[in-house]
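Descriptive structure summary
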Amino acid sequence: LHANPIGGKSQSSAYPIGCRFNKATVIGHIKRIALFRDRLTVRWGDAISYLTDNLRQLSESRCFVYVDPPYYKQGKELYRYHYTDQQHEELASLLRRACFPWLLSYDDHPFIRNLYTSQAKDLTSRHLYLDYTAQKRKRGRELLISNLELPPIVREMPRVVRADA
């Protein structure tokens, strides 16, 4: 909330807003995801409210839920709506009780690791390394947590081929 877009509002910098991603790669990812559009639903809003309101329905249906809560460490600086420690704990409690498959991504922080990986033996986690170039080049580390077995992280998205294509 306190930062301008990369390249500034006027986009007069040597690093315009599109410098962080390869347009052709993003288009390819979107096209592959679009193959499953009839099986995907995207919801925006508070994960705790959504899970609380839909826990029974999610448990009774064949679904997979991806949860992307506000970062723990820098949540207050990055998001208009961020979680308190109690809300992070509430989300962890909801997910530990969930009877449907889910995947969660967070910034890697000891508080978050403790909530998920030390309190539930049936959860798996993997580190995902991301390159950031906002103010200075650095490698960030995120945490993927799931109640499913997580495969090793690969750099490239697997190619999806339609049988009727």
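The notes below deal with the structure included here. Everything quoted here is computed from the prediction, not taken from an experiment.

1. A few points about helix H2 (residues 47–60)
- The end-to-end C-alpha separation of H2 is 18 Å, in line with the 20 Å expected for 14 residues at 1.5 Å each.
- Of all the bends found along H2, the most pronounced is centred on Asn54 and spans about 70°.
- Buried within H2 are the following residues: Ala47, Ile48, Leu51, Asn54, Leu55 and Leu58.
- Where the residues of H2 are buried, they touch strand S1 (65–67) and helix H4 (85–97).

2. Observations concerning H4
- Look at H4: 19 Å from first C-alpha to last across 13 residues, which is about the 18 Å you get at 1.5 Å a residue.
- Within the span of H4, buried status applies to His88, Leu91, Ala92, Leu94 and Leu95. The buried residues of H4 all sit within an arc of 160° when viewed along its axis, so they share a single face. In H4, the exposed positions that point more than 90 degrees away from the buried face belong to Gln86 and Arg97.
- Among the structural elements, H2, S1, strand S2 (102–107) and helix H5 (110–116) are those in contact with the buried residues of H4.

What counts, and where the lines are drawn
Residues numbered from 1 in each chain as written. Predicted model: local features only at pLDDT ≥ 70, side-chain atom pairs only at ≥ 80, totals over all residues. Heavy atoms only, no water. Helix = DSSP H or I, 4+ residues; strand = E, 2+ residues; numbered from the N terminus. Expected span 1.5 Å × (residues − 1). Bend = angle between axes of the 7 residues up to and from the residue. Buried < 20%, exposed > 50% of the residue type's maximum accessible area, 1.4 Å probe, protein only. Contact = heavy atoms within 4.5 Å. Arc of directions from axis to C-beta.

Any functional reading would require information that these geometric values do not contain.
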